[in-house]
Amino acid sequence: MTTLTEADALDGLRDALGLLKDREQVAERLLVSSAKHSFDPDKELDWDAPFEEGKWFWPPELVSLYDTPLWKRMGEEQRILLSQHESAALASLGIWFELILMQLLVRHIYDKAATSAHVRYALTEIEDECRHSKMFARLISRGDAPWYPVSRAHQNLGRVFKTISTTPGSFTATLLGEEVLDWMQRLTFPDERVQPLIRGVTRIHVVEEARHVRYAREELRRQMLTAPKWSQEFTRVTSGEFARVFSVAFVNPEVYTNVGLDKREAMAQVKASGHRREVMQTGAKRLTDFLDDIGVLRGVGRRLWRSSGLLA
């Protein structure tokens, strides 16, 4: 990680990644991109087409039990069924996360000039996230797998986080929820083994989330330079704890019961799986490298990120 001196930070808002871009210019470019590349999932996707026999609902290498002893005992039909339930569980998790994100974005712009491009883009992103949540809900309803709400404990932790989160903490959590799933979805939408509807949903999400990631990254860089020291340290700790919650919530254990597997055995094998650990750390690496560069992964926060399993 590059060390940044206070003098460097104060000279034109420069961090380890270089000069920060003008906030309004970034937002203006994102607004132009949104106007050109936004989608209405209700019209873009063929929701009435039947699922294709033998096709996956998530790439098999990204299914939690892949390459475990239990996976090797499962037949192809049960493996595909598990991919369908995990796809529904991830869509459910995505809705939970996006509801949190929309509330955090509204808080972020509450006292900012409504005429600024920065605020107009935040409102545009909220529009995107509303469509994504509806798209994920329709995807769940379209299949045979149920909605998988996060646990009551995680629901309550989400409420606490929304209440106490600072602005840099909010954008760090935003990136955590967006970038790991984005990495998985970039592998999913071109994969011809996967159901066309799943590929269509992930393609839309990848295109629109790329703008959200850019917005969050640029704002987080600014916040980590300008926020008070206590806020920066609070961000390090809360983001590490959120990473721990996210890694646990990423796969709902009820999926195993619903496909006829022993939940305890499945969870133990996922926890012990070297392949699964590599998948999660690879999915998070672009993010953790970025957070390392801008000073988020330090001290207690870094130890919490390591304990989440997302940081090697």
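Conventions we followed
- Residues numbered from 1 in each chain as written.
- Predicted model: local features only at pLDDT ≥ 70, side-chain atom pairs only at ≥ 80, totals over all residues.
- Heavy atoms only, no water.
- 1 Å grid on protein atoms, 1.4 Å probe; cavity = no way out; pocket = protein on both sides within 12 Å on 5 of 7 lines; lining within 4 Å.
- Points joined across faces, edges and corners; volume = space filled by probe spheres on them.
- Helix = DSSP H or I, 4+ residues; strand = E, 2+ residues; numbered from the N terminus.
- Nonpolar A, V, L, I, M, F, W, Y, C, P; charged D, E, K, R; others polar.
- Phe/Tyr/Trp six-rings, centres within 6.5 Å; stacked < 30°, edge-to-face > 60°.
- Buried < 20%, exposed > 50% of the residue type's maximum accessible area, 1.4 Å probe, protein only.
- Lys NZ or Arg CZ within 6 Å of the ring centre and 35° of its normal.
- Core = buried A, V, L, I, M, F, W, Y, C linked by side-chain atoms within 4.5 Å.
- Contact = heavy atoms within 4.5 Å.
- Axes fitted to C-alpha atoms, helices over the stretch in contact; angles between N-to-C directions.
- Parallel < 35°, antiparallel > 145°, perpendicular 65-115°, else oblique.
- Salt bridge = Lys/Arg side-chain N within 4 Å of Asp/Glu carboxyl O.
- Expected span 1.5 Å × (residues − 1).

Going by the annotation in an unreviewed UniProt entry, the name recorded for the protein chain is Diiron oxygenase, with Streptomyces diastatochromogenes given as the source organism.

Asker: What am I meant to see in empty space enclosed by the protein here?
Answerer: Any empty space left between atoms is shown by rolling a water-sized probe over those atoms. As enumerated under the stated definition, the model contains 5 cavities of 30 Å³ or more in all. Approximately 130 Å³ is the volume found for the largest cavity. Forming the walls of the largest cavity are 13 residues, and the residues nearest its centre are Trp58, Leu90, Ala91, Phe136 and Gln185. Residue assignment for the lining of the largest cavity shows that the elements contributing at least two residues are α5 (76-109), α6 (117-142), α8 (167-188) and α9 (196-226). The residue makeup of the lining of the largest cavity, split by class, is 8 nonpolar, 5 polar and no charged. The computed volume of the second largest cavity comes to approximately 90 Å³. Breaking the lining of the second largest cavity down by element, the ones donating at least two residues are α5 and α6.

Asker: Could you clarify how one ought to interpret the packing of aromatic side chains in this entry?
Answerer: Given two aromatic rings, their pairing is described by the distance between the two centres and the angle made by the two planes. Under the counting rule described, the total for this entry stands at 8 aromatic pairs. Centroid distance Tyr121 to Tyr215: 4.9 Å. Interplanar angle 50 degrees. Geometry classified as tilted. In this pair, Tyr121 is assigned in helix α6 and Tyr215 in helix α9, connecting sequence segments 94 residues apart. Taking relative accessible area as the criterion, Tyr121 reaches 0% and is therefore assigned buried. For the pair Phe246 and Phe250, a centre-to-centre distance of 5.3 Å together with 65 degrees between the ring planes defines the contact as edge-to-face. Per residue, the accessibility class of Phe246 equals that of Phe250, and both read buried. Through a chain of ring-to-ring contacts, the aromatic side chains of Trp56, Tyr66 and Trp71 assemble into a single cluster. Positioned over the ring face of Phe51 is Arg142, at 4.5 Å from the centre of the ring.

Asker: Looking at this model, I keep getting lost on unusual backbone geometry. Mind explaining?
Answerer: Apart from glycine, the bulk of residues carry a negative phi angle, and the bulk of peptide bonds sit in the trans form. We note that Asp67 has phi near 70 degrees; this positive angle belongs to a residue other than glycine. Among the secondary structure elements, Asp67 is positioned in the loop between α3 (41-44) and α4 (69-73). Asp67 gets classed as partly exposed once you look at its relative accessible area, which sits at 43%.

Asker: What is the right way to read the nonpolar core from this model?
Answerer: Generally speaking, nonpolar side chains in soluble globular proteins are found buried as a group. Grouped together as the largest cluster of nonpolar side chains are 86 residues, with contacts concentrated most on Leu65, Leu82, Leu176, Phe250, Tyr256, Leu291 and Trp305. With 16 residues, α5 is the largest single contributor of residues to this core. If sequence neighbours within four positions are ignored, Trp305 has contacts with Leu176, Ser239, Gly240, Ala243, Leu287, Thr288, Leu291, Leu297, Leu310 and Leu311.

Asker: For this particular structure, what's the right way to read the packing of helix α10 (residues 229-249) against helix α14 (residues 299-308)?
Answerer: The relative placement of two packed helices comes down to the angle between their axes together with the axis-to-axis distance. Running from N to C, α10 and α14 cross one another at 5 degrees; their axes reach a closest spacing of 7 Å. Classified by the angle between their axes, α10 and α14 sit roughly parallel to one another. From α10, Arg236, Val237, Ser239, Gly240, Glu241, Ala243, Arg244 and Ser247 reach across to α14, where they touch Val300, Gly301, Leu304, Trp305, Ser307 and Ser308. By residue class, the composition of the contact of α10 with α14 is 5 nonpolar, 6 polar and 3 charged.

Asker: How should I be thinking about the pattern of salt bridges in this particular structure?
Answerer: Charged atoms that come close allow side chains of opposite charge to pair. Within the structure shown, the criterion is met by 24 salt bridges. Ionic pairing is found between Arg211 and Asp128, a salt bridge with its closest N-O pair at 3.5 Å. Taken together, the residues span a long stretch of sequence, with Arg211 in helix α9 and Asp128 in helix α6 at a distance of 83 residues. Take Arg211: its relative accessible area is 4%, and that puts it in the buried class. Note that Glu208 and Arg131 form a salt bridge whose closest N and O atoms lie 3.2 Å from each other. Of this pair, Glu208 sits in helix α9 while Arg131 sits in helix α6; the two residues are 77 residues apart in sequence, bridging distant segments of the chain. Judged on exposure class, the residue Glu208 and its partner Arg131 are both buried.

Asker: Looking at this structure, how should I read α5?
Answerer: Owing to its 3.6 residues per turn, the α-helix aligns residues three or four sequence positions apart on the same side. Spanning 34 residues, α5 covers 49 Å between terminal C-alpha atoms, matching the ideal 50 Å at 1.5 Å per step. Burial of α5 is extensive: 26 of the 34 residues sit out of reach of the surface.

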